[in-house]
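Working through the structure, step by step
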Amino acid sequence: MSASESRWGGGYVTDVPYLPGYYRHQSPLHLHLACLLGGVAGLDLGPGSPLSYLELGCGHGFGALALAVCNPCWRVTGIDFNPAHIAAARALAAEAGINNARFIEADLAMLMDGPVAREVPEADVATAHGLWSWVTDPVRAGVVRLLATKVRPGGVVQLSYNALPGWQGALGMQRLLREAGERLAARSDRQAEVGIEVVRALADAKAHHLSGLPFVESLLEHARHCQTTYLAHEYMIEAWRPCFHADVVAAMAEAKLDWVASAHLIENFSSLMLGEEARTVLARFDDPVMRELVKDMCLPRSLRQDVFVRGAHHLSPTERDDALGKVMLGLLCSEERLAWEFEVPSGRAALEQGFFGPIVASLEQHPRLVSDLLALPDLPRHDNPGEIVGMLVGTDQALPILAAPGQPDPRVARFNRLAAQRFVRQGNLNTGMALAASGTGAPVPCPMLDLFVVARLQEAQAPDPAAWAAKLGTGQPEAERERLRAFIERLIAERAPIWQRLGVLDAGCLSAL
Ligand SMILES: C[S@@+](CC[C@H](N)C(=O)[O-])C[C@H]1O[C@@H](n2cnc3c(N)ncnc32)[C@H](O)[C@@H]1O
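Residues numbered from 1 in each chain as written. Predicted model: local features only at pLDDT ≥ 70, side-chain atom pairs only at ≥ 80, totals over all residues. Heavy atoms only, no water.

**Thoughts on the packing of helix α1 (residues 28-37) against helix α16 (residues 385-394)**
It is the contact of α1 with α16, at a shortest axis distance of 11 Å, that shows an interaxial angle of 135 degrees. On the basis of the axis angle, α1 is oblique to α16. Relative to α16, α1 is oriented so that their crossing is left-handed. Across the interface between the two elements, His30, Leu33 and Leu37 of α1 pack against Gly386, Val389, Gly390 and Val393 of α16. (Axes fitted to C-alpha atoms, helices over the stretch in contact; angles between N-to-C directions. Helix = DSSP H or I, 4+ residues; strand = E, 2+ residues; numbered from the N terminus. Parallel < 35°, antiparallel > 145°, perpendicular 65-115°, else oblique. Left-handed = near helix turned anticlockwise from the far one by under 90°. Contact = heavy atoms within 4.5 Å.)

And the structure:
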């Protein structure tokens, strides 16, 4: 039997498991901000408030579990049709002592037709990262039926998907890669490697539809660093079909879901996305779907992060600002490392020093409510909470949290340690993961290496970067291990205060540093 004959996933890759990862855009705290920036009411969030969170296509469940362990009063449900994913998620939950997360093995195409539907609770928030544009029409229809039935009125939905026209130039490349790979009777990750090699060879041969294209260059560059398992899930899927935003909006309308914003917060600021001329065209339209099409035509946006609400309640500007004022932010970097300028599609954006200087200095001390930041005496103006949230969270330099860190929760430390044990590998130290935190309700996004270092700091009497680098760099040249040692030392010096500020490490761990 060939590899493809043994597959049961309806064209979705099932012979190699997906990789664990954390996507901050799926966090309900983040989605609440997106709703507010979109001018609609978000979620009723607070420390100790219950919330039902549902993740469709949850993979290993790492993101769902990180949210569950940080929020013991939430009810978290993950659904995936790959039994290997569900088994891994359940095993981690059991070992970490997480009892507010449940994982259901089900095919979304059929779930709502059978008895398993009753096991899916009503959801305040439902997310699906990397699912919609990779599955067949029957699965999409199943997703819509599930959202229509299970998302409560006022509930929030996040969908990320490959978008058109952003992907149009790469359709041929994906087809070539997949077809060439499939000619090989082998596992999907091997097939992806072979397919990429054919893309490379034809691009070198100056094939008209491949040569000199940014997409092809980025694939080939990505393939050099990235694990082939990921590439298999990205490119070897028969059903893969990028979509226009308008078509996704139409599908979601069947579940009475209104598009409200981008979960990529910066994208909600047209002035940062479009130049003046394009903004003049944008201003001709007030229909949000048409406005998004204008933006999609202008931006190299290949992955959309859409947020929908089931019955959006529009806020007045004052109501919106009041709600944004109640958001608590924690700084994800040191004041010294803050990026004051950054690239945006319309050019270079800069944070106004006079305004953001005191705000960042204050956040470096403690997490603060946005309303308290706006009341700081030395600000030149005391308005625009959306700017604070959009610029600091939108550039991944601050994190929305529910409360300042609480008492260290032993389950949090156990989860971080177990996640490090399970997932850290020599080749994946840059993978985007998260650290669970006590009392804040918010996992802290980080590279895989941070998970390793925090787990070690939790266990160690004293940090030992040389021994840790030797373990991580087993089989690597001495110079590489030395580079890693120096890197870990710097990482601890820079990030330990942040880990403490955000409830990842307690003072006891830090006193050993
Ligand atoms: C790209 S992965 C994303 C995983 C996870 N959300 C993450 O971001 O780490 C898509 C997931 O959807 C699951 N999936 C694909 N088709 C499905 C279906 N018909 N029913 C349920 N799950 C499905 C896959 O097994 C895979 O775990």
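**Considerations on the environment of histidine 382**
Checked against the element boundaries, histidine 382 lands in the loop between α15 (370-374) and α16. For histidine 382 and threonine 318, which are 64 residues apart along the polypeptide, the C-alpha to C-alpha distance reads 14 Å. Those residues within four positions of histidine 382 in sequence are excluded, and the remaining contacts are Leu374, Ala375, Leu376 and Pro377. There is a polar contact of 2.6 Å between the side chain of histidine 382 and the backbone oxygen of leucine 374. (Polar contact = N/O pair within 3.5 Å; in protein donor to acceptor, adjacent residues only side chain to side chain.)

**With respect to the pattern of salt bridges**
Once their charged atoms are close, side chains differing in charge can pair, the charge on each being opposite to the other. This structure, assessed with the given rule, holds 33 salt bridges. Between arginine 152 and aspartate 124 there is a salt bridge whose closest N-O contact spans 2.6 Å. Remark: aspartate 124 occurs in strand β4 (residues 123-128) and arginine 152 occurs in strand β5 (residues 151-164); sequence separation between them is 28 residues. Here arginine 381 and aspartate 383 are joined by a salt bridge, their closest N and O atoms 3.1 Å apart. (Salt bridge = Lys/Arg side-chain N within 4 Å of Asp/Glu carboxyl O.)

**Comments concerning a nonpolar patch on the surface**
On the surface, Phe244, Leu293 and Met297 cluster together into a nonpolar patch covering about 270 Å² of accessible area. The residue phenylalanine 244 is located in strand β6 (residues 243-244) in this model. (Patch = residues over 30% accessible without salt bridge, like charges linked within 9 Å, V, L, I, M, F, W, Y side chains within 5 Å. Areas by Shrake-Rupley, 256 points an atom, 1.4 Å probe, with all protein chains shown as cover.)

**Here's the deal with the side chain of arginine 310**
Considering the arrangement of structural elements, one finds arginine 310 in the loop between β8 (303-309) and α13 (317-325). The buried charged residue arginine 310 lacks any salt bridge, with glutamate 122 as its nearest oppositely charged partner at 6.6 Å. Within the local environment of arginine 310, its side chain forms a polar contact with the backbone oxygen of alanine 255, the two atoms lying 2.9 Å apart. Contact partners of arginine 310, with chain neighbours within four places excluded, come to Leu147, Ala148, Val151, Arg152, Pro153, Gly154, Gly155, Ala255, Lys256 and Leu257. (Buried < 20%, exposed > 50% of the residue type's maximum accessible area, 1.4 Å probe, protein only. Lys, Arg positive; Asp, Glu negative; His and termini not counted.)

**Let's talk about the environment of arginine 490**
Considering the arrangement of structural elements, one finds arginine 490 in helix α20 (residues 478-501). Relative accessible area serves as the criterion here: at 46%, arginine 490 is assigned to the partly exposed category.

**Focus on the site of the ligand**
Around the ligand there are 19 residues in total, and Tyr23, Gly57, Asp80, Asp107 and Leu108 lie nearest to it. In this structure, histidine 85 approaches the ligand through a side-chain N or O atom, which is 3.0 Å from an oxygen atom. Coverage of the ligand by the protein chains reaches 97% of its 590 Å² of free accessible surface. By residue class, the composition of the shell around the ligand is 10 nonpolar, six polar and three charged. (Near = heavy atom within 4 Å. Nonpolar A, V, L, I, M, F, W, Y, C, P; charged D, E, K, R; others polar.)

**Overview of the packing of helix α17 (residues 410-423) against helix α18 (residues 448-459)**
Two elements in contact, α17 and α18, have axes whose closest approach is 9 Å; the angle formed by their N-to-C orientations is 125 degrees. Regarding the angle of α17 to α18, the classification is oblique. Seen from above, α17 lies across α18 with left-handed handedness. Contacts between α17 and α18 pair Ala413, Asn416, Arg417, Ala419, Ala420 and Phe423 from the former with Met448, Leu451, Phe452, Val454, Ala455, Gln458 and Glu459 from the latter. In terms of residue class, the contact of α17 with α18 is built from nine nonpolar, two polar and two charged.

**Examining the sheet that holds strand β13 (residues 398-401)**
Taken in spatial order, the three strands line up as β12-β9-β13 in an open sheet, and their pairing is antiparallel. Edge positions in the sheet fall to β12 (368-369) and β13, since each of these pairs with one other strand and no more. Across four bridges, the pairing between strand β9 (residues 328-331) and β13 is antiparallel. When the bridges of β13 are listed, leucine 331 appears paired with alanine 398. (Pairing = 2+ DSSP bridges.)

**Points about unusual backbone geometry**
Omega for the bond connecting leucine 164 with proline 165 falls within 30 degrees of zero, at 0 degrees, which places this linkage in the cis form. Residue placement: proline 165 occurs in the loop between β5 and α5 (171-182). Residue lysine 206 is not a glycine yet carries a positive backbone phi of 65 degrees. Inspection of the secondary structure puts lysine 206 in the loop between α6 (188-204) and α7 (214-225). Accessibility expressed as a relative area gives 62% for lysine 206, which makes it exposed. Positive phi values are uncommon outside glycine, yet lysine 256 reaches one of about 60 degrees. Within the fold, lysine 256 resides in the loop between α9 (245-253) and β7 (258-262).

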